[in-house]
Amino acid sequence: MKELFDLYLTFFKIGAITFGGGYAMFPLLEKELANKRHWTSPEDLLDYYAISQVTPGVIAVNVSTFVGYKRRGIVGGIFATAGIVSPSIIVITIISLFISNFQDIIWIQKALKGINVAVTALLTYSVINFAKKSIKNWWALIFYIFSFCGIYFLRIPSVIVILLSALCGIGIAYFSGNLKKINATEDKK
């Protein structure tokens, strides 16, 4: 029960002190979950983010569910998920009571603009870290360039870019023989 409570509190803290969604949370998640607590590896955390991109729901919620499930099964997933969403539920409930008053208060409007700048910095940091960890060969660089251009310039929906990248990754692994190497390694286990 202590570990379940620890899962809840850890994710509650992460949910309470980060703004800007899943990408902005990545540095804190990596520090807290991979480096400090060793609940997951940085590579697994990147995998959780990738899976969260193609599954329904909020990235931070999906990642917390994956980590909680990895630690303590279904109950761990429930506790971690409850921890990450609890701060938002509390804050949204409080704000909803006073939202009409916030619209006219200039210092709140200016504070939100400042928060937006800080979140932009967190997102930039996350993107740079993702790139360093994900772009390990020239194929990955090509995927990155084409994906960025497709999404930014051609306005191709991101889900299509993700699915095409997954198919291309499988195709490259198959034709280069790497897919067979992975299967051979799994057969030995």
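Thresholds applied
- Residues numbered from 1 in each chain as written.
- Predicted model: local features only at pLDDT ≥ 70, side-chain atom pairs only at ≥ 80, totals over all residues.
- Heavy atoms only, no water.
- Axes fitted to C-alpha atoms, helices over the stretch in contact; angles between N-to-C directions.
- Helix = DSSP H or I, 4+ residues; strand = E, 2+ residues; numbered from the N terminus.
- Parallel < 35°, antiparallel > 145°, perpendicular 65-115°, else oblique.
- Left-handed = near helix turned anticlockwise from the far one by under 90°.
- Core = buried A, V, L, I, M, F, W, Y, C linked by side-chain atoms within 4.5 Å.
- Buried < 20%, exposed > 50% of the residue type's maximum accessible area, 1.4 Å probe, protein only.
- Contact = heavy atoms within 4.5 Å.
- Salt bridge = Lys/Arg side-chain N within 4 Å of Asp/Glu carboxyl O.
- Polar contact = N/O pair within 3.5 Å; in protein donor to acceptor, adjacent residues only side chain to side chain.
- Expected span 1.5 Å × (residues − 1).
- Bend = angle between axes of the 7 residues up to and from the residue.
- pLDDT = per-residue confidence, 0-100.
- 1 Å grid on protein atoms, 1.4 Å probe; cavity = no way out; pocket = protein on both sides within 12 Å on 5 of 7 lines; lining within 4 Å.
- Points joined across faces, edges and corners; volume = space filled by probe spheres on them.
- Nonpolar A, V, L, I, M, F, W, Y, C, P; charged D, E, K, R; others polar.

1. Considerations on the packing of helix α1 (residues 2-17) against helix α4 (residues 59-102)
Next up, step 1: In contact at an axis separation of 7 Å, α1 and α4 are set at 40° when each is read in the N-to-C sense. Judged on the interaxial angle alone, α4 and α1 are oblique. In terms of crossing hand, the pair formed by α1 and α4 is right-handed.

2. As for the nonpolar core
Next up, step 1: In terms of nonpolar packing, the biggest core is built from 21 residues, with Phe 11, Ile 14, Leu 29, Tyr 49 and Val 63 touching the most fellow members.
Next up, step 2: Elements supplying a minimum of two residues to this core: α1, α2 (22-36), α3 (42-54) and α4.
Next up, step 3: Top element by residues in this core is α4. It accounts for six residues.
Next up, step 4: Excluding anything up to four places from it in sequence, Ile 14 contacts Met 25, Leu 28, Leu 29, Glu 32, Leu 33 and Ile 84.

3. Quick notes on the pattern of salt bridges
Next up, step 1: Enumeration according to the criterion identifies eight salt bridges in this entry.
Next up, step 2: In this structure, Arg 71 engages Glu 3 in a salt bridge whose closest nitrogen and oxygen atoms are separated by 2.7 Å. Of this pair, Arg 71 sits in helix α4 while Glu 3 sits in helix α1, and the two are 68 residues apart along the sequence.
Next up, step 3: Among the ionic pairs, Glu 32 bridges to Lys 36, the shortest N-O distance being 3.7 Å. Highlighted residues: Glu 32 and Lys 36, both in helix α2, separated by four residues, approximately one helical turn.
Next up, step 4: With a relative accessible area of 4%, Glu 32 lands in the buried category.

4. Considering the packing of helix α6 (residues 138-152) against helix α7 (residues 158-176)
The relative placement of two packed helices is expressed as an angle between their axes plus a distance between the axes.
Next up, step 1: Running from N to C, α6 and α7 point in directions that differ by 160°, and their axes come no closer than 10 Å. If you check the angle between α6 and α7, you find them roughly antiparallel. Relative to α7, the crossing made by α6 is right-handed. Along the contact surface, α6 presents Trp 139, Phe 143, Ser 147 and Ile 151, while α7 presents Ser 158, Val 161, Ser 165, Cys 168, Gly 169 and Ile 172.

5. Concerning the environment of Ser 147
Next up, step 1: Mapped onto the fold, Ser 147 is located in helix α6.
Next up, step 2: The spatial distance from the C-alpha of Ser 147 to the C-alpha of Leu 163 is 11 Å, given a sequence separation of 16 residues.
Next up, step 3: Excluding its chain neighbours within four sequence positions, the residues that come into contact with Ser 147 are Val 161 and Ser 165.
Next up, step 4: One polar contact links the side chain of Ser 147 to the main-chain carbonyl oxygen of Phe 143, over a distance of 2.7 Å.

6. Concerning α4
Next up, step 1: Between its first and last C-alpha atoms α4 spans 28 Å; for 44 residues at 1.5 Å apiece the expected length is 64 Å, and the helix comes up short by more than 12%.
Next up, step 2: Roughly 145° is the biggest bend found in α4, and it falls at Arg 72.

7. Focus on the side chain of Thr 81
Next up, step 1: With respect to the helices and strands, the residue Thr 81 is situated in helix α4.
Next up, step 2: At 2.4 Å, the side chain of Thr 81 forms a polar contact with the side chain of Thr 65.
Next up, step 3: Look past the residues within four positions of Thr 81 in its chain and what remains in contact with it is Val 61, Ser 64 and Thr 65.

8. A few points about the confidence of the model for the chain
Next up, step 1: When pLDDT is averaged along the chain, the result is 86, and 94% of the positions lie at 70 or above.
Next up, step 2: Summarising per-element confidence for the chain, the mean pLDDT is lowest in helix α8 (residues 178-188) (54) and highest in α1 (93).
Next up, step 3: Throughout residues 183-189 the model reports pLDDT below 50, and contacts reaching past four residues in sequence, or to other chains, amount to zero contacts.

9. Focus on the layout of surface pockets
Next up, step 1: Estimates place the volume of the largest pocket at around 1,800 Å³.
Next up, step 2: If you list the elements that add at least two residues to the lining of the largest pocket, you get α3, α5 (106-134), α6, α7 and α8.
Next up, step 3: Of the residues that constitute the lining of the largest pocket, the class distribution is 24 nonpolar, nine polar and four charged.
Next up, step 4: Looking at the second largest pocket, it is lined by 27 residues, and the ones nearest its centre are Thr 18, Phe 19, Ser 88, Val 91 and Ile 92.
Next up, step 5: Looking at the lining of the second largest pocket, the elements that each hand over two or more residues are α1, α2, α4 and α5.
Next up, step 6: Per element, the largest residue contribution to the lining of the second largest pocket is 13 residues, and it comes from α4.
Next up, step 7: In terms of residue class, the lining of the second largest pocket is built from 19 nonpolar, eight polar and no charged.

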